[in-house]
Amino acid sequence: MAEAMDDILSMRSLDPTNLLGQLTAFPDQLEWSRGVIFPAVEGARNVVICGIGGSAIAGDVLVDILSPSISVPLFVSRDVVLPGFAGKDTLAIVVSYSGNTAESLDQYEDALRRGCRIAVITSGGKLETLAKTNSQPMIKVPGENQPRASMGYLLGSLALVMQRAGFGKAHDELLAAAPKLRSYLDTLSPRVPFSSNQAKRLAKAMSGNVPSFYAPRPVRSVALRWQGQFNENAKMVAFSGEVPEMDHNQLVGWLEGGTGCHCRPVIFMSADMRPTVRRMAEVTLQMLNERGRDPMLVTLPGNDLLSNLLQGIALGDMASYYLAIAKGVDPAPVTAIKEFKARIIQ
């Protein structure tokens, strides 16, 4: 397995659309938003980020970035309608990388009916047409990527919209963090051998298991991102949750029933964990080890919230990619999702 992940020629043949290049462009994508001009947005008293799948995860990351400081409610909606509180004082940011995602289009129409302030982030499609028709501010991001491999475009654009609405300085902070993110990604490059490459070693550790990723609440988007990337890139079942929430329900399943399923708990530790939560995570690991559940501890790279989020996402992206390569599968296609989308319009 280690040899397969170090075989760059074989890697290229398994990845003809260069998903690797899209994933490693994360910092470049963030910096792309530096040149975007977006109008000021005034008067919003709450914010709803509307999206699904790869177009929504950037919203989860932004919520984690802004939660310690934002003074208004900020909510990610993965539904086909907005939450009941949404109205004329709501900034609805509708995100669909393709511009044709059914859930995002339905939420756009609902936001329009409710009189929300609307901003759009997309690479084209029906959503671009609607935004232009209704003269709504829009950021058009570059197309041709997999939505899940466009995190930098979507996250940078969302942060810019929020900053222009007067909610924090996340856009400036992301731009400042991009160089360190790029340097960290260099340590996970295919050129770095298995023995020195954390992402490759993690990929091997996940092989043959059903991982469940658990993160402290301030970085919960990292666990959700890892789940999605292992689902889509490595074509495997994976789940996610939070510490300490899992200690009040899922821990019972792990300790009293979690045998015979090849499941493996993965616990993330972040830089600024509150002492209570850190102690809970440590005890969780102790109990899982004592019962022979073989938990993995992943200390998120970086020394603050923002670097934990960005570098933690990069680590999961690369680990899921290398696991696909080790399994001998093309990480890019998501055939099941395409089939699902085709069926719902029949």
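As the structure is a prediction and not an experimental result, all values here were calculated from the model.

Details of the pairing of strand S9 (residues 296-299)
Thinking step 1. Burial along S9 is one-sided: the residues Met-296 and Val-298 are buried and none of Leu-297 and Thr-299 is.
Thinking step 2. Bridge count for strand S8 (residues 263-269) against S9 is 4 bridges, and the pairing is parallel. Within S9, the position partnered with Val-266 by the bridge is Met-296.
Thinking step 3. Taken together, S8, helix H13 (residues 275-290) and S9 constitute a β-α-β crossover, and its handedness is right-handed.

Comments concerning the sheet that holds S8
Thinking step 1. Here we have 4 strands laid out as an open sheet, ordered S7-S6-S8-S9, and parallel in their pairing. Of all strands in the sheet, those bounded by a partner on one side alone are strand S7 (239-243) and S9. The mean inter-strand angle of the sheet, taken between neighbouring strand axes irrespective of direction, is 25 degrees.
Thinking step 2. Note: strand S6 (residues 210-216) against S8, 5 bridges, orientation parallel. Across the sheet, the residue bridging to Tyr-214 is Ile-267, located in S8.

So, helix H6 (residues 102-114)
Thinking step 1. A rise of 1.5 Å per residue sets the reference length of H6, with its 13 residues, at 18 Å; its end C-alpha atoms lie 19 Å apart and thus fit the reference within 8%.
Thinking step 2. Taken together, the buried positions of H6 are Ser-104, Leu-105, Gln-107, Tyr-108, Asp-110 and Ala-111.
Thinking step 3. The inward-facing, buried residues of H6 abut strand S1 (46-50), strand S2 (74-77), strand S3 (90-96), strand S4 (117-122) and helix H7 (125-133).

Let's talk about empty space enclosed by the protein
Thinking step 1. Per the stated rule, a full pass over the model turns up 1 cavity of 30 Å³ or more.
Thinking step 2. Computed from the structure, the largest cavity encloses a volume of approximately 40 Å³.
Thinking step 3. Lining the largest cavity are Gln-22, Leu-23, Phe-26, Gln-29, Arg-148, Ala-149, Ser-150, Met-151, Gly-152, Arg-225 and Asp-317.
Thinking step 4. Of the residues that constitute the lining of the largest cavity, the class distribution is 4 nonpolar, 4 polar and 3 charged.

Describing the sheet that holds strand S5 (residues 138-140)
Thinking step 1. Overall, parallel pairing links the 5 strands, which are arranged S2-S1-S3-S4-S5 in an open sheet. In the strand order of this sheet, the two ends are held by S2 and S5, each with one partner. Across the sheet, the axes of successive neighbouring strands diverge by a mean angle of 15 degrees, strand direction being ignored.
Thinking step 2. Pairing of S3 with S4, which is carried by 6 bridges, proceeds in the parallel orientation. Looking at the pairing, Ile-93 lines up with Ala-119 of S4.
Thinking step 3. Lying on the sheet, helix H5 (residues 57-66) is in contact with S1 and S2; it crosses S2 at an angle near 165 degrees.
Thinking step 4. In the packing of H6 onto the sheet, the strands contacted are S1, S2, S3 and S4, and the crossing angle to S3 comes to about 160 degrees.

Quick notes on the environment of Asn-233
Thinking step 1. The residue Asn-233 is located in the loop between helix H11 (220-232) and S7 in this model.
Thinking step 2. Between the alpha carbons of Asn-233 and Ser-320 there is a distance of 5.9 Å; along the sequence they are 87 residues apart.
Thinking step 3. Discounting chain neighbours no more than four positions away, the residues touching Asn-233 are Leu-19, Leu-23, Arg-148, Asp-317, Ser-320, Tyr-321, Ala-324 and Pro-331.
Thinking step 4. Engagement of the side chain of Asn-233 in a polar contact is seen with the side chain of Ser-320, the distance being 3.0 Å.

So, the packing of H5 against helix H14 (residues 305-327)
Thinking step 1. Following both chains from N to C, one finds H5 and H14 inclined at 160 degrees, their axes separated by 9 Å at the closest point. One way to sum up the angle between H5 and H14 is to call them roughly antiparallel. Between H5 and H14 lies a crossing whose hand is right-handed. Across from Val-61, Asp-64 and Ile-65 in H5, the residues of H14 making contact are Leu-305, Leu-306, Leu-309 and Ile-313.

Some thoughts on H14
Thinking step 1. Its 23 residues give H14 an end-to-end C-alpha distance of 33 Å, which sits within 8% of 33 Å, the value for a rise of 1.5 Å per residue.
Thinking step 2. Of all 23 residues in H14, 20 are buried; the element is thus mostly enclosed.
Thinking step 3. Gly-328, located one to two residues past H14, shows a positive phi value of around 75 degrees.

With respect to the nonpolar core
Thinking step 1. Counting residues in each nonpolar core, the largest one holds 86 residues, and the members touching the most others are Ile-93, Leu-155, Trp-226 and Phe-230.
Thinking step 2. Tallying contributions element by element places H14 first for this core, with 12 residues.
Thinking step 3. In contact with Leu-155, other than residues within four places in its own chain, are Leu-30, Ala-58, Val-61, Leu-62, Ile-65, Leu-174 and Leu-310.
Thinking step 4. Counting 14 residues, the second largest nonpolar core, distinct from the first, contains Val-48, Leu-82, Ala-111 and Ala-131.

The rules behind these values
Residues numbered from 1 in each chain as written. Predicted model: local features only at pLDDT ≥ 70, side-chain atom pairs only at ≥ 80, totals over all residues. Heavy atoms only, no water. Buried < 20%, exposed > 50% of the residue type's maximum accessible area, 1.4 Å probe, protein only. Helix = DSSP H or I, 4+ residues; strand = E, 2+ residues; numbered from the N terminus. Pairing = 2+ DSSP bridges. Right-handed = clockwise from strand over helix to strand, strands pointing away. Axes fitted to C-alpha atoms, helices over the stretch in contact; angles between N-to-C directions. Expected span 1.5 Å × (residues − 1). Contact = heavy atoms within 4.5 Å. 1 Å grid on protein atoms, 1.4 Å probe; cavity = no way out; pocket = protein on both sides within 12 Å on 5 of 7 lines; lining within 4 Å. Points joined across faces, edges and corners; volume = space filled by probe spheres on them. Nonpolar A, V, L, I, M, F, W, Y, C, P; charged D, E, K, R; others polar. Polar contact = N/O pair within 3.5 Å; in protein donor to acceptor, adjacent residues only side chain to side chain. Parallel < 35°, antiparallel > 145°, perpendicular 65-115°, else oblique. Left-handed = near helix turned anticlockwise from the far one by under 90°. Core = buried A, V, L, I, M, F, W, Y, C linked by side-chain atoms within 4.5 Å.

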